[in-house]
Amino acid sequence: MPNAAALAAQPGTANAVVSLRNVHAGYGGGAVLRGVDLELKAGDVLAVLGRNGAGKTTLLNALFNLGPDVHGDILVHGRRVNGWPTHRIARAGLALVPQGRGVFASLAVQENLRLATLTPRSRRLWSLDDVYALFPRLHERRNAASGMLSGGERQMLAVGRALLTQAEVIALDEPSEGLAPMLVQSVLAPALRTLAERGTTLLLVEQNLGLALDVATHTVVLAQGRVAYAGAPERLRRDHDAVHRLLGI
Ligand SMILES: Nc1ncnc2c1ncn2[C@@H]1O[C@H](COP(=O)(O)OP(=O)(O)OP(=O)(O)O)[C@@H](O)[C@H]1O
């Protein structure tokens with residue numbers, strides 16, 4: 001629940017689940033993010049786009065405290081979470097589906113999913129059966145070692161794990177990477193839309209403009225470590241100049 005005192009101390013963040021205020025982040029003195037402002041409200045699907053190396057993964061790593069040096073304010077429900085260990089950020093309701101997907105290769109699919117349900121949370125929005133209904137392929141493969149899965153199946157498993165933590169916000173780092181366009185269209189995009197419809201807030205880092213425009217309610221483009229563009233996906237779709245200039249497409 002939002003902390004009332006913290007909200008009062010942070011004007012303008014009352015409806016935001018996650019806010020970044022003037023966030024600078026980098027590695028060993030090298031700056032990657034140079035003053036990023038973002039706001040994610042409940043129910044938003046915010047797509048963060050940008051060319052290779054624009055700092056998209058660094059943004060997620062800053063949010064989850066996974067390595068970069070960070071300055072500025074990162075707020076979750078108005079509470080400043082800078083420097084919190086990653087497990088505490090997870091307890092605050094955030095889950096990350098990392099690039100490369102982070103599943104336990106030696107465990108069976110079903111064991112990977114069951115492990116994710118061990119997170120103690122009051123809200124139970126997603127059950128194992130819900131995940132199998134969303135991704136029937138995972139049910140078929142439930143006894144397979146996760147290391148034997150295809151890229152698409154591993155992606156489904158990683159999303160399923162994030163759902164079973166009952167996170168309020170799921171951040172996904174390039175979930176379409178390495179997936180066949182057919183799979184992106186027929187499995188990933190509908191799954192992300194279902195998540196949003198069921199009230200999970202999404203922070204979607206993507207190179208795949210089509211997917212981002214398809215599922216996002218808001219878009220942001222990073223360039224030179226800053227937010228170079230922020231607006232509705234329809235606006236970005238029509239702005240061929242911005243797409244070309246900022247994404248090189
Ligand atoms: N652990 C690290 N140590 C040092 N530099 C890093 C580290 N991780 C990323 N960088 C550098 O930070 C910059 C931004 O990288 P980042 O991975 O955030 O970009 P990205 O937008 O996610 O790109 P991509 O789409 O290629 O994944 C790059 O120049 C990269 O080389």
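Rules used throughout
- Residues numbered from 1 in each chain as written.
- Predicted model: local features only at pLDDT ≥ 70, side-chain atom pairs only at ≥ 80, totals over all residues.
- Heavy atoms only, no water.
- Domains from an automatic or database assignment.
- Contact = heavy atoms within 4.5 Å.
- Buried area = accessible area lost by both parts, 1.4 Å probe.
- Salt bridge = Lys/Arg side-chain N within 4 Å of Asp/Glu carboxyl O.
- Helix = DSSP H or I, 4+ residues; strand = E, 2+ residues; numbered from the N terminus.
- Phe/Tyr/Trp six-rings, centres within 6.5 Å; stacked < 30°, edge-to-face > 60°.
- Lys NZ or Arg CZ within 6 Å of the ring centre and 35° of its normal.
- 1 Å grid on protein atoms, 1.4 Å probe; cavity = no way out; pocket = protein on both sides within 12 Å on 5 of 7 lines; lining within 4 Å.
- Points joined across faces, edges and corners; volume = space filled by probe spheres on them.
- Nonpolar A, V, L, I, M, F, W, Y, C, P; charged D, E, K, R; others polar.
- Pairing = 2+ DSSP bridges.
- Axes fitted to C-alpha atoms, helices over the stretch in contact; angles between N-to-C directions.
- Core = buried A, V, L, I, M, F, W, Y, C linked by side-chain atoms within 4.5 Å.
- Buried < 20%, exposed > 50% of the residue type's maximum accessible area, 1.4 Å probe, protein only.
- Expected span 1.5 Å × (residues − 1).
- Bend = angle between axes of the 7 residues up to and from the residue.

Draft legend 1. Here's a closer look at the domain arrangement of the protein chain. Split by domain assignment, the protein chain resolves into domain 1 (17–93 + 168–247) and domain 2 (104–166). The centre of domain 1, based on its C-alpha atoms, is set 23 Å off from the matching centre of domain 2. Across the contact, 16 residues belong to domain 1 and 15 residues belong to domain 2. For domain 1, the biggest contributors to the area lost against domain 2 are Ile170, Leu195 and Arg198; these three give 35% of the whole. Put simply, Asp130 and Arg198 hold a salt bridge, and the shortest N to O gap is 3.5 Å.

Draft legend 2. Broad picture of the environment of Gly30. For Gly30, the location among the structural elements is in strand 2 (residues 30–41). Sequence separation between Gly30 and Tyr132 is 102 residues, and the spatial gap between their C-alpha atoms is 43 Å.

Draft legend 3. Just the packing of aromatic side chains, in detail. On inspection of all chains with the given rule, the structure shows 0 aromatic pairs. Over the aromatic face of Trp84 sits the side chain of Arg88, whose NZ or CZ is 3.7 Å from the ring centroid. Across the ring face of Trp126, the terminal group of Arg198 is positioned such that the distance to the ring centre comes to 3.9 Å.

Draft legend 4. Spatial organisation of the layout of surface pockets. Quantified by volume, the largest pocket comes out at close to 430 Å³. What lines the largest pocket is a set of 21 residues, among which Ala90, Leu94, Ala95, Leu96 and Thr165 lie closest to the centre. Residue assignment for the lining of the largest pocket shows that the elements contributing at least two residues are helix 3 (86–91), strand 6 (94–97) and helix 7 (151–164). Within the lining of the largest pocket, the residues separate by chemical class into 11 nonpolar, 6 polar and 4 charged.

Draft legend 5. Quick peek at the sheet that holds strand 5 (residues 79–80). Spatially, 2-1-4-5 is the arrangement adopted by the 4 strands of the open sheet, whose pairing is antiparallel. Both edges of this open sheet fall to strand 2 and strand 5, since each of them pairs with a single strand only. Against the sheet, helix 2 (residues 56–63) touches strand 1 (16–27), strand 2 and strand 4 (69–76), its axis set at about 115 degrees to strand 1.

Draft legend 6. Expanded view of the nonpolar core. Counting 51 residues, the largest nonpolar core has Ile170, Leu192, Leu195 and Leu236 as its most contacted members. By residue number, the principal contributor to this core is helix 7, which donates 7 residues. Looking at this core, you find at least three residues from each of domain 1 (17–93 + 168–247) and domain 2 (104–166). When residues no more than four places from it in sequence are discounted, the contact partners of Leu192 are Leu172, Leu202, Leu204, Leu211 and Val215. Formed by 29 residues, the second largest nonpolar core is a distinct cluster that contains Val17, Leu33, Ile89 and Val220.

Draft legend 7. Here's a closer look at helix 8 (residues 181–197). Given a rise of 1.5 Å per residue, 17 residues ought to cover 24 Å, and the 23 Å separating the end C-alpha atoms of helix 8 matches this to within 8%. Helix geometry: helix 8 is bent most strongly at Leu188, by close to 30 degrees, with proline Pro190 lying one to four residues after it. Listed in full, the buried residues belonging to helix 8 are Val184, Leu188, Ala189, Ala191, Leu192 and Leu195. Residues of helix 8 that are buried sit in contact with helix 5 (128–134), helix 7, strand 7 (169–173), strand 8 (201–205) and helix 9 (209–215). Within two residues after helix 8, Gly199 carries a phi angle of roughly 95 degrees, on the positive side.

Draft legend 8. View of empty space enclosed by the protein. Per the counting criterion, the structure on display carries 1 cavity of 30 Å³ or more. By volume, the largest cavity amounts to about 50 Å³. Lining the largest cavity, in full, are Phe135, Gly152, Gln155, Met156, Val159, Leu179, Leu183, Val187 and Leu188. Breaking the lining of the largest cavity down by element, the ones donating at least two residues are helix 7 and helix 8. Looking at the lining of the largest cavity element by element, the count peaks at 4 residues for helix 7. Of the residues that constitute the lining of the largest cavity, the class distribution is 7 nonpolar, 2 polar and no charged. Both of domain 1 (17–93 + 168–247) and domain 2 (104–166) provide at least three residues apiece to the lining of the largest cavity.

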